[in-house]
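Okay, here's what each chain looks like letter by letter:
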Amino acid sequence: MRAMRCRALLFFVLFLTPFSLFAQAPHAEWRTVETDRFRVHYPAPFEAWAREMASRLESTRDEVEKAVGWEIETRVDVLVMDPLAVANGSAWPLLGAPRIVLWTTPPPPESVIGHNRGWIEIVTVHEIAHLAHLTRPSRNLKQRLFARALPLGPLAFSPRWVSEGYATVIEGDLTTSGRPWGDFRAAVLRQWGRLGRLPSYDRLDLDRKAWMGMSMAYLAGSAYLEWLREGEGEEALSDLWRRMTAKEDRTFEEAFLGVFGESPQYLYGRFVAELTAKAMAVEDELKSSIREGELWQDLAWTTERPDISPDGSNLVTVVRERGKPSRMVVIETAPDTEAEEKYQERIDEMLDEDPEDVAPVRRRPLKREPEETLVTRFGAEPFTPRWMPDGESILFTRFEPDADGFFHPDLFLWNPEEESVRRVTRFADVREADPHPDGGSAVAVRNRHGYSQLVSVDLQSGAVDPLGEATLGPAHHAPRWGPDGSTIAFLRHERGRWRLFLRDRSGAEREISTPQDSVIAQPAWGADSSTLYAVVGTDGFIEIHRFDLDRGSAAQLTRSFGASLAPALLRDGSALFYLSVEPDGLDLRRLDSPATLAAVPRVTIDSSLAPAVRPAAASEPAPLFAAGEVSESRPYGFGRQETRFHSGFSWLPSTHSLELGLRAGDVVGRLSTLLTGAIGEDGSEKGASLASTWRGWPIHLRAHLFTAEHALSEQPDCESALPVCGNPFVDHDRSGGELALVWDRLWRTGRLEIESGLVAQNIGLADGDTLDQRILFAQLRQSARRSWGDITAQGDGSLQVERGETDGESWRRSLIHLRASAGSDGNELMLEWVRGGSDSISHRFDQWTLGGAVLSIVPAAAVSGRIDSPALPIGTAFGDEHETQKASLGVAGPLRAFYQRHRLWDDAMPHEDWIELAGGELTVTTAPFPLLKLPTLELRLGAARGLSDPIHDKTTWWISTSWRP
């Protein structure tokens, strides 16, 4: 769950958005319900979840605003969706138009937000807290004027740890659950504190290099804010927000100093010191009873829950390392005696050669090399691998995109020996699967449209059958078949917490007793159906417990300084493997004889050591938010159209112009319209356009009306050596329209797009004559990706064909554009080849024209004969045929160095020389972002040097923006 801040917003929009940023499929059957202060939009299948959530929005908002001390000044639009099938939410605190996005998939119990009374409650409290906090406007006149251009309040510019940390504080205050009351925050802060690994102040905000570094804004940030409030009083944080929005212009640091008397950096250092002391005090209390087993594998970053093969010889898990593709690996469980012998031989040789040397101290095991590996390609991450009963194949979950690019969890089978992967289900929304002992089916969880249920999956056909009814509130997790195949152990979130259940063949269920304020997670069966193991979180400690189902008793098996997760047992019950939480990631440990181990002695830790442990239990839990009235649902239709001014500019050899306009559109992204006008220097492109795109159907409809004038002979950087310079024959104005249809489909390794349309335009010449032109066009674009290890290659191809008529004379034109790229670790080499041909050309305006770039006013199809090259004036060369070759190297994201050459020819000049140039360009293209009222943007910034006539030794530079609806 996250809030939008200005710096993060700009980075996200400008550099990280090559994909669509619409709500879930604008062409879906969207509907709307309303309350007094909210509009809730959702695809029709999500209606039950959306109505349940909407019924509590008003009471939640009342309590949040009271806690924050500020009332949101306007109605809020809420979008319900599930694009990635994971738990998340976001708040977008635009002044005058705040938004919330909620994803319906609930979090698992072992996650950082798994401790909650209900997913709807925790996510809505957190996101409304962002809006109540960040939409507080400034009382400073200069900042209020600035907010008219960029509609954000001063608090939106706070450090990330402030915005996320404060929403987390409110989340805990109003629900007596969430991260502040959860075991995971306490375990992480305690473990990091005792090892001296708490983040520095500079890394508290954003730390992508450290495991859990991006979560510290929530975990450590909320604990730091609680510490500040405890020291200065309940009103201290509200005072900070008031100072930050005061008439006097202040930075965050200045406002902070005025409330707390010291800088945030200084007091954070004090907070870290106190937290470290508390963590060390907890260590002193625990160290005599620690039971962490044997460190079996020293890992880094995130490791998936392991599983042991039926014969006990192999372990499967997913290993994730920062900056590398994930790997599903099979590792032998037997001691690696060969590796130990080789290691000892190296030590012996070292000491034989130098007896005065000293053998190294080794506290960690040797790295075990996997027997089999399945490398992740194109982001196809594997999750929850489980051995099939035959010990030959592994069942796992992978999230696959549908045709609109939204992800669904599905089941796959990997056979390491055959090196094959078979897809079992297709867009079934099933996960956490566990095969039945007979190997024919698996029990799994289906989360779909806000509902959750247990299902049975036929592993041959992929057919999915429900096991009981789908539930809207209660969420299911981690079903596991018992060894005899007669009982399923599973988790269900109901009555405010996660609970452990057993389900027999008849469907009868019974609950296994667990501590009242605990979080139960990740069940695993013992050697028989009388013993069950699970992770239990209590009082800030997360440990593995053994449940004797016949006796109804439980025993805590592990005691760690951090947390013990993901138990996996040898089928004979002789050993238990599990993951331990460390500052560098999850380590894999082994604990022998778990069935006979005595329970670790109970240790009571004083809650005054919070946040290194859980805070003291609340005297009474926070009341549940009351349900209120919700309107009848209605079709979303065109959506409520919102307006926003936009501007752009272009400084190219062909034009020095400024664009101003108005954008109208809806929050889902169905309809987007741009009214744009352009003014500029003599010879620059000027005019106006009205462009609109309708995405409410699977095939998008685009319309574009325009009028523009461009005196090419007077272009700002026109050289006398060029054929257009000083030649009024090429000056013209255009007016007309375009109507086009666009259809596309996405898959994990590629995309297909088909576009077809008609352009009708009138071209006015400098001598007063006019040309009537009609162009019927069609374009096919396709891309595909492949990977080999860390190297990814991509191929793109497009074919465009046109049939036109200019003043009654027909002509045809075609264009082929091929592009291939390959790279690794952010470095990429790209090769491009473009070939255009035409026939029956009788007018200069039907020929290929080299130079310039397509800007906002005129649609690309109206000037389809223009060969893109912003370094050159329009009309640098003309021809009936053309060819472009380009090589570029990307070494820093969107920045690329390039070499490019063009040649144009016709019957009169069949052997035209190449026009060559080299330079660098930064190109950023963003998809429409209706949440922020932003249309499609292309930004180009570059410079190039001419290497041949007619631009030899000439250096040009360019910068341009282009908007599309």
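Residues numbered from 1 in each chain as written. Predicted model: local features only at pLDDT ≥ 70, side-chain atom pairs only at ≥ 80, totals over all residues. Heavy atoms only, no water.

With that settled, the discussion passes to the overall build of the protein chain. Within the protein chain, the secondary structure is distributed over 13 helices and 50 strands. The globule rule puts the C-alpha radius of gyration for 965 residues at 30 Å, and the 32 Å found for the protein chain is close to it. Summarising its shape, the C-alpha atoms of the protein chain cover approximately 100 × 70 × 65 Å along the three principal directions. For the protein chain, the residues scored as buried account for 56% of the 965 residues in total. The long-range fraction of contacts in the protein chain, counting pairs at least 24 apart against all pairs at least 6 apart in sequence, stands at 58%. Working note: accessible area of the protein chain is about 40100 Å², and carbon and sulfur atoms make up 53% of it. Side chains of the protein chain carry 105 positive and 141 negative charges; the gap between the two charge centres is 4 Å. (Helix = DSSP H or I, 4+ residues; strand = E, 2+ residues; numbered from the N terminus. Rg over C-alpha atoms; globule rule 2.2 N^0.38 Å. Buried < 20%, exposed > 50% of the residue type's maximum accessible area, 1.4 Å probe, protein only. Contact = heavy atoms within 4.5 Å. Areas by Shrake-Rupley, 256 points an atom, 1.4 Å probe, with all protein chains shown as cover. Lys, Arg positive; Asp, Glu negative; His and termini not counted. Charge placed at Lys NZ, Arg CZ, Asp CG, Glu CD.)

Together, Ile754, Leu780, Leu799, Val801, Ile816, Leu818 and Trp833 line one region of the surface with nonpolar side chains, adding up to about 540 Å² of accessible area. Every element with two or more residues in the nonpolar patch is listed here: strand S40 (791–806) and strand S41 (809–824). With respect to the helices and strands, the residue leucine 799 is situated in strand S40. (Patch = residues over 30% accessible without salt bridge, like charges linked within 9 Å, V, L, I, M, F, W, Y side chains within 5 Å. Salt bridge = Lys/Arg side-chain N within 4 Å of Asp/Glu carboxyl O.)

Bringing the pairing of strand S42 (residues 827–839) into the picture now. As defined by bridge partners, S41 adjoins S42 across 13 bridges and the pair is classed as antiparallel. Directly across from arginine 819, in S42, lies its bridge partner glutamate 832. As consecutive antiparallel partners, S41 and S42 are separated by two residues, and within that stretch aspartate 825 has a phi angle of approximately 55°, a positive value. (Pairing = 2+ DSSP bridges.)

This brings us to helix H10 (residues 236–244). Within H10, burial applies to Ala236, Leu237, Ser238, Leu240, Trp241 and Met244. Where H10 is buried, its residues contact helix H3 (57–68), helix H4 (119–134), helix H6 (160–175), helix H9 (216–232) and helix H11 (252–260).

Across all of its chains, the model carries 22 aromatic pairs by this definition. Ring geometry for tyrosine 268 against phenylalanine 271: centres 5.9 Å apart, planes inclined by 40°, an arrangement best described as tilted. Here tyrosine 268 and its partner phenylalanine 271 are both found in helix H12 (residues 264–286), three residues apart, which amounts to about one turn of the helix. Taking relative accessible area as the criterion, phenylalanine 271 reaches 3% and is therefore assigned buried. Here the aromatic residues Trp161, Tyr201, Tyr224, Trp227, Phe252, Phe256, Phe260, Tyr268 and Phe271 are joined through ring pairs into a cluster of three or more. Taking the ring centre of phenylalanine 501 as reference, the NZ or CZ of arginine 492 above it sits at 4.3 Å. (Phe/Tyr/Trp six-rings, centres within 6.5 Å; stacked < 30°, edge-to-face > 60°. Lys NZ or Arg CZ within 6 Å of the ring centre and 35° of its normal.)

Before going further, it helps to spend a moment on the pattern of salt bridges. By the definition in use, this model includes 63 salt bridges. Arginine 702 is the salt-bridge partner of glutamate 738, the closest N and O atoms lying 3.0 Å from each other. Separated by 36 residues along the polypeptide, glutamate 738 in strand S37 (residues 732–747) and arginine 702 in strand S36 (residues 700–710) bring together distant segments of the chain. By relative accessible area, glutamate 738 is classed as buried at 5%. The closest approach of N and O atoms between aspartate 796 and arginine 819, which form a salt bridge, is 3.8 Å.

To continue, consider H4. Across its 16 residues, H4 extends 23 Å between first and last C-alpha, which sits within 8% of the 22 Å expected from 1.5 Å per residue. The buried fraction of H4 is high, at 16 of 16 residues. (Expected span 1.5 Å × (residues − 1).)

Following both chains from N to C, one finds helix H7 (residues 183–194) and H9 inclined at 85°, their axes separated by 10 Å at the closest point. Regarding the angle of H7 to H9, the classification is roughly perpendicular. Each of Arg185, Val188, Leu189 and Trp192 in H7 lies in contact with H9, whose residues at this interface are Met216, Leu219, Ala220, Ser222, Ala223 and Glu226. Looking at the contact of H7 with H9, its residues break down into seven nonpolar, one polar and two charged. (Axes fitted to C-alpha atoms, helices over the stretch in contact; angles between N-to-C directions. Parallel < 35°, antiparallel > 145°, perpendicular 65-115°, else oblique. Nonpolar A, V, L, I, M, F, W, Y, C, P; charged D, E, K, R; others polar.)

It is worth spelling out the sheet that holds strand S10 (residues 327–332) at this point. Spatial ordering of the open sheet is given by S8-S9-S10-S11, a layout of four strands whose pairing is antiparallel. Since the sheet does not close on itself, it has two edges, and those belong to strand S8 (307–308) and strand S11 (372–375), each with one partner. Relative to strand S9 (residues 314–319), S8 runs antiparallel, the two sharing two bridges. In the sheet register, isoleucine 308 faces S9, and the bridge partner there is leucine 315.

This part covers the side chain of histidine 115. Relative to the elements of secondary structure, histidine 115 occurs in the loop between strand S6 (99–103) and H4. Among the polar contacts listed, one links the side chain of histidine 115 to the backbone oxygen of tryptophan 181, at a separation of 3.5 Å. When residues no more than four places from it in sequence are discounted, the contact partners of histidine 115 are Ser177, Gly178, Trp181, Gly182, Asp517, Val519 and Arg614. (Polar contact = N/O pair within 3.5 Å; in protein donor to acceptor, adjacent residues only side chain to side chain.)

The next point concerns the side chain of threonine 124. Note that threonine 124 resides in helix H4. A polar side-chain atom of threonine 124 sits 3.1 Å from the main-chain carbonyl oxygen of glutamate 121.

This paragraph deals with the nonpolar core. Core analysis: the largest hydrophobic core is formed by 112 residues, its most contacted members being Val40, Met53, Val78, Trp161, Tyr224, Leu240 and Phe260. Counting residues per element, this core draws most heavily on H4, at ten residues. For valine 78, the residues in contact, after removing those within four places along its chain, are Phe38, Arg39, Val40, His41, Met53, Leu57, Ile100 and Leu102. (Core = buried A, V, L, I, M, F, W, Y, C linked by side-chain atoms within 4.5 Å.)

It is worth spelling out the packing of H3 against H6 at this point. Across the interface, H3 lies against H6 with an axial gap of 11 Å and an inter-helix angle of 120°. As far as their axial angle goes, H6 and H3 are oblique. Here H3 and H6 pass one another in a crossing that is right-handed. Of the residues in H6, those touching H3 at Glu63, Val64, Ala67 and Val68 are Tyr166, Ile170 and Leu174. Residue classes in the contact of H3 with H6 are distributed as six nonpolar, no polar and one charged. (Left-handed = near helix turned anticlockwise from the far one by under 90°.)

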